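Close look at the chain arrangement
The lines below spell out each chain.
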Amino acid sequence: MTLSSLRRLLWILVAVAAIAGAAAAVGIIPSRQPTSIETVSGVAGVDSSFRLTTHKGAMLTDADLKGRPFLVFFGFTYCPDICPTTLMELSDRYRVLGENADKLTTLFITVDPERDTQEVLSQYMEAFDPRFVALRGSTDEIDAVTKNYKAFSRKVPVEGGYTMDHTAIVYMMDRQGRFVQSLDPHESESIQLAKLRRLTGN
């Protein structure tokens, strides 16, 4: 798939996600993805440790981010709704934050390393803010990081293959790598921007 085709597909998916979200709000579509920080067992329970490979092939660890706040979002490139929607919304938040967004690192950690190769992730991330970093590792490495963050993911068989259920919140980590709070996909843009400005100190 070419980059232009990928971008068209992502925008279509976002439109579909918006319709699905509206339907879910009135009880038509049940949501299986945890979207509340209640799914995380407290600030002390979140361990920010990770050692994974970026979509550009470099090794990145939590120690490399010490001194700057960062966001963590778990997802996968075959995700039909919440992932492209969340990443596009975060791209828009970066745009509104302007230069202040340069103080922030956003990590997209795949929960589907079987299909999300470095090449796949690299092409996928071209549709979003270029400052975002996608991360992958072995299944065991991803499972360990997911456990550290008290996140949820599981493979769900579907016709012709499988999909992934996963935690839909965005983890907000401070300059010391400590969990602060989350961005919830149901929050308004103004609430999310206020949280991000506090996280970056502006």
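Residues numbered from 1 in each chain as written. Predicted model: local features only at pLDDT ≥ 70, side-chain atom pairs only at ≥ 80, totals over all residues. Heavy atoms only, no water.

1. Focus on the confidence of the model for the protein
The following threshold applies: Think of pLDDT as the predictor's per-residue confidence, scored from 0 to 100. Here, two residues are considered to be in contact whenever any of their heavy atoms come within 4.5 Å of each other.
Looking at the protein, the pLDDT average stands at 84 and 78% of residues meet or exceed 70. In this model residues 11-43 is a low-confidence stretch, pLDDT under 50, and it forms 44 contacts with partners more than four residues away in sequence or in other chains.

2. Regarding the pattern of salt bridges
The cut-off we apply is this: Salt bridge, as used here: a side-chain nitrogen of Lys or Arg that lies within 4 Å of a carboxyl oxygen of Asp or Glu. Helix and strand assignments follow DSSP, with helices taken as H or I runs no shorter than four residues and strands as E runs no shorter than two, numbered in order from the N terminus. Burial classes follow relative accessibility: with a 1.4 Å probe on protein chains only, a residue under 20% of its type's maximum area counts as buried, one over 50% as exposed, and anything between as partly exposed.
Enumeration over the complete set of coordinates arrives at nine salt bridges. Here glutamate 114 makes a salt bridge to lysine 155, at a shortest N to O gap of 3.0 Å. Taken together, the residues glutamate 114 in the loop between strand E4 (105-110) and helix H3 (118-125) and lysine 155 in strand E6 (residues 153-158) connect sequence positions 41 residues apart. Looking at glutamate 114, the relative accessible area reads 56%, which means it is exposed.

3. Quick look at the packing of aromatic side chains
By convention here, two paired aromatic rings are described through the distance between centres and the angle between planes. Going by this rule: Centre distance within 6.5 Å is the pairing criterion for rings of Phe, Tyr and Trp, where only the six-membered ring of Trp is used; planes under 30 degrees apart are then read as stacked, over 60 as edge-to-face, and the remainder as tilted.
Across all of its chains, the model carries eight aromatic pairs by this definition. With a centroid separation of 6.1 Å and 25° between ring planes, the pair formed by phenylalanine 73 and phenylalanine 108 is classed as stacked. With phenylalanine 73 in strand E3 (residues 70-75) and phenylalanine 108 in strand E4, the pair connects residues that are 35 residues apart, well separated along the chain. For phenylalanine 73, a relative accessible area of 1% corresponds to the buried category. Aromatic side chains phenylalanine 74 and tyrosine 149 sit 5.7 Å apart centroid to centroid with 70° between the ring planes, which places their arrangement in the edge-to-face category. One end of the pair, phenylalanine 74, is in strand E3; the other, tyrosine 149, is in the loop between helix H4 (139-148) and E6, and 75 residues separate them in sequence. Considered together, phenylalanine 74 and tyrosine 149 belong to a single accessibility category, that of buried residues. Clustering of aromatic rings is evident, with ring pairs tying together Phe73, Phe108, Tyr124 and Phe128.

4. Comments concerning the sheet that holds E3
Rule in force here: Pairing between two strands requires that DSSP report at least two bridges joining them. Lines fitted to C-alpha atoms define the axes here, with helix axes fitted over just the stretch in contact, and angles between the N-to-C directions of these axes take values from 0 to 180 degrees.
With mixed pairing, the seven strands of this open sheet are ordered in space as E2-E1-E5-E4-E3-E8-E9. Of all the strands in the sheet, the pair left with one neighbour each is strand E2 (59-61) and strand E9 (179-183). The average angle at which neighbouring strand axes cross in this sheet is 35°, direction not considered. The pairing of strand E1 (residues 51-54) with E2 spans three bridges and is classified as antiparallel. Bridged to threonine 53 within E2 is methionine 59. Across the face of the sheet, H3 comes into contact with E1, E4 and strand E5 (133-136) while running at roughly 160° to E5.

5. Brief notes about helix H2 (residues 82-97)
Convention followed: By definition here, a helix of n residues has an expected span of 1.5 Å times n minus one.
Given a rise of 1.5 Å per residue, 16 residues ought to cover 22 Å, and the 22 Å separating the end C-alpha atoms of H2 matches this to within 8%. Extensive coverage of H2 is indicated by the burial of twelve of its 16 residues. Turning to H2, its buried residues are Ile82, Cys83, Pro84, Thr85, Thr86, Leu87, Met88, Leu90, Ser91, Arg93, Tyr94 and Leu97.

6. As for the pairing of strand E7 (residues 161-166)
Of all six residues in E7, five are buried; the element is thus mostly enclosed. Where E6 lies against E7, six bridges are found, and the strand directions are antiparallel. Counted as the bridge partner of proline 157 is tyrosine 162 from E7. Between E6 and E7, which pair antiparallel one after the other, the connecting turn spans two residues, and glycine 160 there sits at a positive phi close to 85°.

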